[in-house]
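Architecture at a glance
Residue strings, one per chain:
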Amino acid sequence: MTGTRYGAGAQDLDTSAEQIIFPADMASIGLGFIRNAGAAPIQIGVVVAASFYPVLALEPGEAYVVRLGDATLYALADTGGSSLDFQVLEA
């Protein structure tokens, strides 16, 4: 990773898949720290042809560090509302 930028944010979630909005000024996302900051389990995934496909599941309080590519990621809460926190590093 040779990038110099990083960003962080938080996003409220409900039971419909919504795009995770990473900082727009990053040329390419490298590593990401994603944490479930809410009270309900959440899923992180991709949307293909209007269908959500989960690739990560986070229980309340859990976090993962993952290498992120250029794919657009989506998130949803399993039940009710929840929220996620993220920090990303430029690739």
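Residues numbered from 1 in each chain as written. Predicted model: local features only at pLDDT ≥ 70, side-chain atom pairs only at ≥ 80, totals over all residues. Heavy atoms only, no water.

Here we take up the overall build of the protein chain. Along the protein chain, the regular secondary structure elements total zero helices and eight strands. In the protein chain, the succession of helices and strands from N to C terminus is β-β-β-β-β-β-β-β. Taken over C-alpha atoms, the radius of gyration comes to 13 Å for the protein chain, in line with the 12 Å a tight globule of 91 residues would show. Seen along its three principal axes, the alpha-carbon backbone of the protein chain occupies a region of about 40 × 30 × 20 Å. Buried positions account for 32% of the 91 residues belonging to the protein chain. Partitioning the contacts of the protein chain with sequence separation of at least 6, the portion at a separation of at least 24 is 77%. With the model as given, the accessible surface of the protein chain reaches about 5,100 Å², and the carbon-plus-sulfur share is 53%. (Helix = DSSP H or I, 4+ residues; strand = E, 2+ residues; numbered from the N terminus. Rg over C-alpha atoms; globule rule 2.2 N^0.38 Å. Buried < 20%, exposed > 50% of the residue type's maximum accessible area, 1.4 Å probe, protein only. Contact = heavy atoms within 4.5 Å. Areas by Shrake-Rupley, 256 points an atom, 1.4 Å probe, with all protein chains shown as cover.)

Another point: the pairing of strand β5 (residues 51–58). Examined bridge by bridge, strand β4 (residues 42–48) and β5 share seven bridges and lie antiparallel to one another. What sits directly across from Q43, in β5, is A57. In textbook terms, the turn of a hairpin is the stretch between consecutive antiparallel strands, and for β4 and β5 this stretch comprises two residues, one of which, A49, has a positive phi near 50°. (Pairing = 2+ DSSP bridges.)

Moving on to the pattern of salt bridges. If you walk through the whole model with that rule in mind, you get two salt bridges. Between R5 and E90 there is a salt bridge, with the nearest N and O atoms lying 3.8 Å from each other. One end of the pair, R5, is in the segment before β1 (6–13); the other, E90, is in strand β8 (residues 82–90), with 85 residues separating them in the sequence. With relative accessibility at 7%, the residue E90 sits in the buried group. D85 is paired through a salt bridge with R35; the nearest N and O atoms lie 2.5 Å apart. Here D85 is found in strand β8, whereas its partner R35 is found in strand β3 (residues 29–36), with 50 residues between them in sequence. (Salt bridge = Lys/Arg side-chain N within 4 Å of Asp/Glu carboxyl O.)

An order of β2-β7-β4-β5 is seen for the four strands of this open sheet, with the pairing classed as antiparallel. What marks the edges here is a single partner per strand, and that holds for β2 (18–19) and β5. Direction of pairing for β2 relative to strand β7 (residues 74–77): antiparallel, over a ladder of two bridges. The residue bridging Q19 from the neighbouring strand is Y74, located in β7.

With that out of the way, let us pick up the side chain of S82. Here S82 shows up in strand β8. The exposure class of S82 is buried, given its relative accessible area of 8%. Here the side chain of S82 touches A40 through a polar contact of 3.0 Å, landing on its backbone oxygen. Once you skip the residues sitting within four places of it in the chain, S82 turns out to touch Q11, D12, L13, N36, G38, A39, A40, I42 and A77. (Polar contact = N/O pair within 3.5 Å; in protein donor to acceptor, adjacent residues only side chain to side chain.)

Before going further, it helps to examine the sheet that holds β3. Read from one edge of the open sheet, four strands run β1-β8-β3-β6, paired in antiparallel fashion. Each of the sheet's edge strands pairs with one partner strand only, and the pair in question is β1 and β6 (63–67). When the angles between neighbouring strand axes are averaged without regard to direction, this sheet yields 20°. (Axes fitted to C-alpha atoms, helices over the stretch in contact; angles between N-to-C directions.)

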